[in-house]
Amino acid sequence: MGISDIQSQGIEGLDHNFLTAPLEKLVNWSRARSSWPATFGLACCAIEMMATGGSHYDLARLGMEVFRASPRQADVMIVAGRVSQKMAPVLRQIYDQMMEPKWVISMGVCASSGGMFNNYAIVQGVDQIVPVDVYAPGCPPGPETLLHAITTLHTQIENGELLKRREANGGAGAGMYIEQLDGQTLSIGAA
Amino acid sequence: MGYLAGFPITLKKWFEGVTTKNYRAGKGGKSDVKAPKPDRLHGRHVLNRYEDGLEKCIGCELCAGVCPAKCIYVRGADNNPTDPTSPGERFGFVYEINYLRCIHCDLCVEACPTEAITESKLFEFSFEDRKSAIYTKNELLVDEDGKPQQLPWEDWREGEDKATSGWMRATAPSGDSNYVGKVAWSGELGYGVRQPESVELTIKPKSGDSK
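The shown structure was predicted, so the numbers you read here are calculated from the model rather than taken from an experiment. Here the residue index of a chain counts from 1 through its sequence in written order. Ligands are numbered from 1 and chains lettered from A, in the order in which they are written. For a predicted model such as this one, the threshold for reporting local features is a pLDDT of at least 70, and the threshold for listing and counting side-chain atom pairs is 80 or more; totals across whole chains, interfaces and linings nevertheless cover every residue. Excluded from the side-chain calculation are hydrogens and water; included are all heavy atoms of the structure.

1. A closer look at the sheet that holds strand E2 (residues 72–78) of chain B
All names here are of chain B. What the three strands build is an open sheet, ordered E2-E3-E5; its pairing is antiparallel. Two strands in the sheet have a free side with no partner beyond their single neighbour: E2 and strand E5 (134–135). When DSSP locates at least two bridges between a pair of strands, those strands are taken to pair. In DSSP terms, a helix is any run of H or I states spanning at least four residues, a strand is any run of E spanning at least two, and both are numbered starting from the N terminus. As paired elements, strand E3 (residues 90–98) and E5 share two bridges and run antiparallel to each other. By the bridge assignment for E5, asparagine 98 is matched with isoleucine 134.

2. Details of the confidence of the model for chain B
Residue and element names in this part refer to chain B. Averaged over every residue, the pLDDT of chain B is 80; the share at 70 or more is 80%. When the elements of chain B are averaged for pLDDT, strand E7 (residues 192–194) gives the smallest value, 68, and helix H2 (residues 62–66) the largest, 93. The score called pLDDT rates the predictor's confidence residue by residue, from a low of 0 to a high of 100. Any two residues whose heavy atoms approach within 4.5 Å are treated as being in contact. Below a pLDDT of 50 lies the segment residues 167–175, which in the model reaches 20 contacts outside its immediate sequence neighbourhood of four places, other chains included. Every residue in residues 199–203 is under pLDDT 50, and counting partners more than four places away or in other chains gives three contacts. Scored by ipTM, the complex comes to 0.81, with pTM at 0.80.

3. Brief notes about the nonpolar core
As used in this record, nonpolar core signifies buried Ala, Val, Leu, Ile, Met, Phe, Trp, Tyr and Cys residues forming a set joined through side-chain atoms within 4.5 Å. Think of it in three bands: residues with accessible area under 20% of the maximum for their type are buried, residues over 50% are exposed, and the middle band is partly exposed, with areas taken using a 1.4 Å probe on protein chains only. Judged by nonpolar contacts, the single largest core of 46 residues is most densely connected at Met77(A), Val79(A), Val83(A), Leu91(A), Ile72(B), Tyr95(B) and Ile97(B). Mapped by element, the contributors of at least two residues to this core are strand E2 (76–80) and helix H4 (88–97) of chain A together with H2, E2, E3 and helix H3 (107–111) of chain B. Take this core: its biggest share by element is three residues, from H4(A). Counting residues in hydrophobic clusters, the runner-up holds 24 residues, among them Leu62(A), Met64(A), Val76(A) and Ala35(B).

4. Regarding the sheet that holds strand E1 (residues 37–38) of chain A
Residues and elements named next belong to chain A. Ordered by their spatial adjacency, four strands build an open sheet running E1-E2-E3-E4, and the pairing between neighbours is parallel. One side of each edge strand has no neighbouring strand; the edge strands of this open sheet are E1 and strand E4 (134–136). Pairing between E1 and E2: two bridges, direction parallel. Within the sheet, the bridge partner assigned to alanine 38 lies in E2 and is methionine 77. On top of the sheet, helix H3 (residues 45–53) reaches E2 and strand E3 (103–107); it is set at about 135° to E2, its chief contact. Orientation is described by axes fitted as lines to C-alpha atoms, over the contacting stretch for helices, and by angles from 0 to 180 degrees between their N-to-C directions.

5. Quick word on the interface of chain B and chain A
Between chain B and chain A, the residue contacts involve 30 residues of the former and 36 residues of the latter. Once two parts are put together, the accessible area they lose, assessed with a 1.4 Å probe and summed over both, is termed the buried area. Taking both partners together, chain B and chain A bury about 2,700 Å²; carbon and sulfur atoms supply 53% of that area. Counting the surface chain B buries against chain A, the share from its top three residues, Leu100(B), Arg101(B) and Arg130(B), is 23%. The term salt bridge refers to a pairing of a side-chain nitrogen on Lys or Arg with a carboxyl oxygen on Asp or Glu at a separation within 4 Å. Taken together, the connections running from chain B to chain A amount to one salt bridge. A salt bridge links Asp127(A) to Arg130(B); its shortest N-O distance comes to 2.6 Å.

6. Details of the packing of aromatic side chains
Stacked, tilted and edge-to-face are the three classes applied to pairs of Phe, Tyr and Trp rings, where Trp contributes its six-membered ring and a pair requires centres within 6.5 Å; stacked means planes under 30 degrees apart, edge-to-face means over 60, and tilted covers the rest. What the rule picks out here adds up to seven aromatic pairs over all chains. Judged by centre distance (5.5 Å) and plane angle (80°), the ring pair of Phe125(B) and Phe127(B) falls under edge-to-face. The two residues Phe125(B) and Phe127(B) agree in class, both being buried. Taken together, Tyr99(B), Phe125(B), Phe127(B), Tyr135(B) and Trp153(B) form an aromatic cluster joined through their ring pairs. Placement of a positive charge over a ring is assigned whenever Lys NZ or Arg CZ falls within 6 Å of the ring centre and within 35 degrees of the normal to the ring plane. For Lys102(A), the ring lying beneath its charged end belongs to Tyr95(A), and the centroid distance is 4.3 Å. Looking at Lys21(B), its charged tip hangs above the ring of Tyr57(A), at a distance of 5.7 Å from the centre.

7. Let's talk about the pattern of salt bridges
Residues and elements named next belong to chain B. All told, the structure shown has 13 salt bridges over all chains when counted by the stated rule. Its salt-bridge partner being glutamate 160, residue lysine 34 comes within 2.9 Å of it at the nearest N-O pair. Of this pair, lysine 34 sits in the loop between helix H1 (7–14) and strand E1 (45–47) while glutamate 160 sits in the loop between helix H4 (137–140) and strand E6 (185–188); the two residues are 126 residues apart in sequence, bridging distant segments of the chain. Accessibility assignment for this pair places lysine 34 and glutamate 160 in one class, buried.

8. Digging into the side chain of Asp127(A)
Note on placement: Asp127(A) falls in the loop between helix H5 (108–113) and E4. Any pair of N or O atoms that falls within 3.5 Å is considered a polar contact. Within protein, one atom must be able to donate a hydrogen and the other to accept it, and sequence-neighbouring residues count only if both atoms are side-chain atoms. A polar contact of 2.6 Å, which involves the side chain of Asp127(A), links it to the side chain of Arg130(B).

Next comes the structure, spelled out in structure tokens:
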């Protein structure tokens, strides 16, 4: 490691040492305290998400009050609600447009696994499209459940590695492989 | 001066105190409190035991059959006659609930003939992967004292395990017409027997009604 690495690869060329470790902690600390969510309310879970942002639970306590309409300014995507097959490419596009580092909370059972809508119209788990970091159960999850999920995510961010892309770690999410009808096998993490 | 009329409301709000609850999932210290839960909130399930420690579940799979989200998986097995797990012939050998499918509708609680499965008031939990969202019998079953297990990724608070037993006993007569409007509470480890009590209707007929 050296100046040349940093010049060629940016900050990602930095190795771990006694100087960068506190820096890493500091950056993770600040990231966990200002992770702005992208507005991605899809169904009734969005109502609870709004309630979490409201005065009784107040996401501003966690530095998350700014729901960004533009994915380029958002850090966390809270997928709130069932994802239909038609919505799936849109969701993936918004995820792709978000800047690294980015995280995904799958809020509610419909986003997490399709819930009670086990049919042709609903994606059976949003982790088939995007890598999910935290799942919040419930139908819908109450504001406190969502806050629990957010706190779990913050712990993950604080303990996570700086500047390591998800693909380098084999991808997050369920690590599922879907057998395609034409015989191809797609890895979700590598997609 | 009419435009000043709105300002007293703003001023009044300054002195009304803070409505925000500082809930931080157990990481916020003393001020970290939960809002009081409604009596009929449906939270995480528990599998109950009788007062002698035997399990209530008989492996009949009615809960799995009635579940609209198909999140319960049950397999029954025959009891060992010398060392039974539950009274009767069969017991729940495998019992799994997938909390990424469960919609907490409590139909399983209403369907259960032995009051084996009830819901607690615990609703603060989240998972980092799909596998840990599937609760097995080891996690759902109450402990030796009849209290629900407090798993490390759940946010239990003091006194919350007292509200574990089902609300449905107040409303569902389990098909018996003698128990319409009454609570029938069979013996349960940790909570004992509760006397039948009449239930007051919250919506009373108006005085002007002819009925």
